[in-house]
Amino acid sequence: MARQARGAARRAALVEAAARVLDRDGLAAVSHRSVAAEAQVPLGSTTYYFSGREELVGAALDAWLSAEEQRLTTVVAALARRRRSPRARAELVVEVLVGRDRAADQSALVRYYERFVEAGRLRAHRPRLARSRTAYDALLADVLTRSGAAPEGIDVRLLTAVTDGSLLNALIDGAPDPWEQTVTTVERALRCHGAPN
């Protein structure tokens, strides 16, 4: 029993290391060698617990997506229920979907979107991303409810698409302030979509 517990703890430590590599360097950087180096263990440790790279990448994605959902859940849970202006709602939407710090850091933003694109190329990981997107939708609906907007009157997937599209365009354009540009665009979308003032 103690041996099983030690094995589970070692595997969990490797998953955490893989998630750190994913977060810092992107999905393409996740390998047995990079994770072993991150965890400061022999290479054989990763190959013992993960049969191949796909299993390792899957575990890293699960851990990273879970951490992202936890971050969002914490942000949303801290919101007081009160009516907010469209501008304040737009800021919350972008904060929940991407995060202010990430939106202000070009290299962090590129890595963030690369993870989804790279994972989307691998058919086995698409269900993970779909589950995550469903969780994001629910959290975003909760943000709108807490902000005085009826979520049934607003397409949360549309807000996600507007947010992602605006940030990607900001990256392409080399916009000096992607956060500001995106919040302004999302605010316009909320007004056009009939969110109450």
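Residues numbered from 1 in each chain as written. Predicted model: local features only at pLDDT ≥ 70, side-chain atom pairs only at ≥ 80, totals over all residues. Heavy atoms only, no water.

Concerning the overall build of the protein
Part 1 of the reasoning: Along its length, the protein carries ten helices and zero strands.
Part 2 of the reasoning: Along the first, second and third principal axes, the C-alpha atoms of the protein reach 60 × 40 × 25 Å.
Part 3 of the reasoning: Looking at the protein residue by residue over its 197 residues, the buried ones come to 42%.
Part 4 of the reasoning: A separation of at least 24 residues holds for 69% of the contacts in the protein among residues at least 6 apart in sequence. (Helix = DSSP H or I, 4+ residues; strand = E, 2+ residues; numbered from the N terminus. Buried < 20%, exposed > 50% of the residue type's maximum accessible area, 1.4 Å probe, protein only. Contact = heavy atoms within 4.5 Å.)

Observations concerning the nonpolar core
Part 1 of the reasoning: If you look at the biggest cluster of nonpolar residues, it comprises 52 residues, and the most contacted ones within it are Val30, Val98, Leu144, Leu159 and Val186.
Part 2 of the reasoning: Listing elements by their share of this core, those giving two or more residues are helix H1 (2-25), helix H4 (53-77), helix H5 (86-97), helix H7 (106-121), helix H8 (126-146), helix H9 (156-173) and helix H10 (178-192).
Part 3 of the reasoning: Sequence-distant contacts of Val30, defined by excluding residues within four places in its chain, comprise Ala18, Val21, Leu22, Val35, Arg53, Leu56, Val57 and Ala60. (Core = buried A, V, L, I, M, F, W, Y, C linked by side-chain atoms within 4.5 Å.)

Considerations on the confidence of the model for the protein
Part 1 of the reasoning: Looking at the protein as a whole, its pLDDT mean stands at 86, while 95% of the residues score no less than 70.
Part 2 of the reasoning: Per-residue pLDDT, averaged within each element of the protein, yields its smallest value for H7 (83) and its largest for helix H2 (residues 32-39) (95). (pLDDT = per-residue confidence, 0-100.)

Observations regarding the pattern of salt bridges
Part 1 of the reasoning: With the rule as written, the count across this model stands at 15 salt bridges.
Part 2 of the reasoning: The network of salt bridges with common partners includes Arg20, Arg24, Asp25 and Glu38. (Salt bridge = Lys/Arg side-chain N within 4 Å of Asp/Glu carboxyl O.)

Regarding H10
Part 1 of the reasoning: The end-to-end C-alpha separation of H10 is 21 Å, in line with the 21 Å expected for 15 residues at 1.5 Å each.
Part 2 of the reasoning: Listed in full, the buried residues belonging to H10 are Pro178, Trp179, Thr182, Val183, Val186, Glu187, Ala189 and Leu190. Seen from one end, H10 has its buried residues packed into an arc of 160°, which puts them on one side. Away from its buried face by more than 90 degrees, H10 exposes Arg188 and Cys192.
Part 3 of the reasoning: Looking at the buried side of H10, the elements it contacts are H5, helix H6 (100-103), H8 and H9. (Expected span 1.5 Å × (residues − 1). Arc of directions from axis to C-beta.)

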